[in-house]
Amino acid sequence: MRLRVLAPVVLALVVAACGLLADKAVIDDAWVSDDGMRLELIVLTCGARHDPEVAATADEVRITVWYSNDSVGDDCADGVTVTLDDPLGDRIVIDTATGDVVEVKPWGG
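Scoring rules and cut-offs
Residues numbered from 1 in each chain as written. Predicted model: local features only at pLDDT ≥ 70, side-chain atom pairs only at ≥ 80, totals over all residues. Heavy atoms only, no water. Pairing = 2+ DSSP bridges. Helix = DSSP H or I, 4+ residues; strand = E, 2+ residues; numbered from the N terminus. Buried < 20%, exposed > 50% of the residue type's maximum accessible area, 1.4 Å probe, protein only. Lys, Arg positive; Asp, Glu negative; His and termini not counted. Salt bridge = Lys/Arg side-chain N within 4 Å of Asp/Glu carboxyl O. Polar contact = N/O pair within 3.5 Å; in protein donor to acceptor, adjacent residues only side chain to side chain. Contact = heavy atoms within 4.5 Å. Disulfide = S-S within 2.5 Å. Core = buried A, V, L, I, M, F, W, Y, C linked by side-chain atoms within 4.5 Å. pLDDT = per-residue confidence, 0-100.

A. Representation of the sheet that holds strand S3 (residues 38-44) within the structure. Across the sheet, four strands lie side by side as S6-S3-S2-S9; this open sheet has mixed pairing. The sheet terminates laterally at strand S6 (77-83) and strand S9 (105-106), the two strands that pair on one side only.

What follows is the structure in structure tokens.
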């Protein structure tokens, strides 16, 4: 009986400690590499652990940057690199945290 009560509590603590409970970060800025295969993103997550997800079609690249951290703010810019399977080309990038189209600048621009 005691084990049944403790098991859910222990599981919740393990999940929280592993950072599996995450939020979506808003993409603040983005650049594409010269070959179109990599995107460098800036998110305001104060040194958080990041887990980006990409869902690409012929017309768009939808990016979700999951993060795990308790503090966010304007002075906490973090870089996240995403590698695409195919060059970005003319596709638009959508930030799934906001649903907005992200303006992507050329690398170094």
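B. Molecular detail of the side chain of Asp95. Locating Asp95 in the fold gives a position in strand S7 (residues 92-95). Here Asp95 sits buried without a salt bridge, and the closest side chain of opposite charge, Lys24, lies 7.5 Å off (N-O distance). Among the polar contacts made by the side chain of Asp95, one reaches the main-chain amide nitrogen of Ala97 at a distance of 2.9 Å. Residues in contact with Asp95, not counting those within four places in the same chain, are Ala25, Val26, Ile27, Ile63, Asp100 and Val102.

C. Geometry of the pairing of strand S2 (residues 27-32). Alignment of S2 against S3, held across five bridges, turns out to be antiparallel. Residue pairing across strands places Asp29 opposite Ile42, the latter belonging to S3. Here S2 folds back onto S3 in antiparallel fashion, the turn holding five residues, of which Gly36 has a positive phi close to 75°. Where S2 meets S9, two bridges bridge the pair, whose relative direction is parallel. Across the sheet, the residue bridging to Val32 is Pro106, located in S9.

D. Region of interest: the state of the cysteines. Under the criterion given, the structure shown has one disulfide. The side chain of Cys46 participates in a disulfide bridge whose partner is Cys76; the two sulfur atoms lie 2.0 Å from each other. Torsion about the S-S bond of the Cys46 and Cys76 cystine: about 85°, corresponding to right-handed handedness. In this pair, Cys46 sits in the loop between S3 and strand S4 (49-56) while Cys76 sits in the loop between strand S5 (60-68) and S6, placing the two residues 30 residues apart along the sequence.

E. Structural context of the nonpolar core. Counting residues in hydrophobic clusters, the biggest one holds 18 residues, and the most contacted among them are Ile27, Leu39, Leu41, Ile63, Val65, Leu88 and Val93. If you list the elements that add at least two residues to this core, you get S2, S3, S5 and S6. Counting residues per element, this core draws most heavily on S5, at four residues. Beyond its immediate sequence surroundings of up to four residues, Ile27 is in contact with Leu41, Ile42, Val43, Ile63, Val65, Asp95 and Val102.

F. Here's a closer look at the confidence of the model for the protein chain. Confidence along the protein chain averages 83 in pLDDT terms, with 74% of residues attaining 70 or more. Under a pLDDT of 50 for its full length, residues 5-19 has, in the predicted model, six contacts with residues more than four places off or in other chains.

G. Layout of the environment of Ile63. Structurally, the position occupied by Ile63 is in strand S5. Residue classification places Ile63 among the buried positions, given a relative accessible area of 0%. The spacing of Ile63 and Ile27 is 36 residues in sequence and 8.9 Å in space, taken between C-alpha atoms. Ignoring sequence-local partners within four residues, the contact set of Ile63 consists of Ile27, Leu39, Leu41, Glu53, Val54, Val93, Ile94, Asp95 and Thr96.

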